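If you want the building blocks of each chain, they are given just below.
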Amino acid sequence: MADLLSRDDVVLDAEASSADEAIRLTGGVLVEAGAVDASYVEAMLQREQSVSTYMGEGFAIPHGTVESKDTVTRDALSFVKFPAGVDWNGNDVRVAIGIAAVGDNHVGILSQLARILVDPDSAKQLREADDADTVLALLQPGDSDEDDDA
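Predicted model only: the values in this text are computed from it and were never measured.

Along the protein, the regular secondary structure elements total five helices and five strands. For the protein, the α and β elements follow one another from N to C terminus as β-α-α-β-β-β-β-α-α-α. Over its C-alpha trace the protein gives a radius of gyration of 14 Å, about what one expects of a compact globule, namely 15 Å for 150 residues. Sorting the 150 residues of the protein into buried and exposed places 45% on the buried side. Residue pairs at least 24 apart in sequence account for 66% of intrachain contacts in the protein once pairs closer than 6 positions are excluded. For the protein, the accessible area works out to roughly 7,600 Å², and carbon and sulfur atoms hold 45% of it. Positive and negative side-chain charges of the protein, numbering 10 and 30 respectively, have mean locations separated by a distance of 3 Å.

The next point concerns helix α2 (residues 39-50). Look at α2: 17 Å from first C-alpha to last across 12 residues, which is about the 16 Å you get at 1.5 Å a residue. Looking only at α2, the buried set comprises Y40, V41, A43, M44, L45 and E48. Turning to α2, the residues buried within the fold contact α1 (19-32), β4 (76-88) and β5 (91-100).

We now examine the confidence of the model for the protein. Taken over all residues, the pLDDT of the protein has a mean of 90, while the share at 70 or more is 93%. When the criterion is pLDDT under 50, residues 143-150 qualifies, and its contacts beyond four places in sequence or with other chains add up to zero contacts.

Here we come to the pattern of salt bridges. Across all of its chains, the model carries five salt bridges by this definition. Residue R7 is joined to D133 by a salt bridge in which the shortest nitrogen-to-oxygen separation is 2.5 Å. Residue R7 is found in the segment before β1 (10-11), and its partner D133 is found in helix α5 (residues 132-138); the two are separated by 126 residues along the sequence. On the basis of relative accessible area, D133 is assigned to the partly exposed category, the value being 41%. Among the salt bridges present, the one from R127 reaches E57, with a minimum N-O distance of 3.5 Å. Taken together, the residues R127 in helix α4 (residues 120-128) and E57 in the loop between β2 (54-56) and β3 (59-60) connect sequence positions 70 residues apart.

If you look at the biggest cluster of nonpolar residues, it comprises 24 residues, and the most contacted ones within it are L5, L77, F79, I97, L113, L126 and V135. Looking at this core, the elements that each hand over two or more residues are β4, β5, α3 (105-117), α4 and α5. By residue number, the principal contributor to this core is α3, which donates four residues. Leaving out residues up to four positions away in the same chain, L126 has contacts with F59, F79, V95, I116, L117, V135, L138 and L139.

Basis of the calculations
Residues numbered from 1 in each chain as written. Predicted model: local features only at pLDDT ≥ 70, side-chain atom pairs only at ≥ 80, totals over all residues. Heavy atoms only, no water. Helix = DSSP H or I, 4+ residues; strand = E, 2+ residues; numbered from the N terminus. Rg over C-alpha atoms; globule rule 2.2 N^0.38 Å. Buried < 20%, exposed > 50% of the residue type's maximum accessible area, 1.4 Å probe, protein only. Contact = heavy atoms within 4.5 Å. Areas by Shrake-Rupley, 256 points an atom, 1.4 Å probe, with all protein chains shown as cover. Lys, Arg positive; Asp, Glu negative; His and termini not counted. Charge placed at Lys NZ, Arg CZ, Asp CG, Glu CD. Expected span 1.5 Å × (residues − 1). pLDDT = per-residue confidence, 0-100. Salt bridge = Lys/Arg side-chain N within 4 Å of Asp/Glu carboxyl O. Core = buried A, V, L, I, M, F, W, Y, C linked by side-chain atoms within 4.5 Å.

So this is what it looks like as structure tokens:
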């Protein structure tokens, strides 16, 4: 999964006063990375209005609507850490991981993220990561036999 995220797409010191502002920041990283058109950020906000992207363990995974798929140019992630936290509709979010996916690729990406975030230790390490290399290493699949030599 770290192949979907570059060091430039990791922000470790963001501030936001609301979930909407956090989503705009997280989506902006995807726009700057060239993974999505600017209109995708509005679709991320629309998604949040219909279904919360809060995942637990201090994480949210904002992503666009099905209708916004044509604004995605490539699969990518953004990792935005909010050290002071963000009120995400009553939940404390410390990290937002933005997702951009072509076609139905979001299903696999969400599944991989869920496997990482369901483990409290992994989630804690990601929340506390203080450099991009640590984030990238933690998002590498650790239990895959396919890619052990990579």
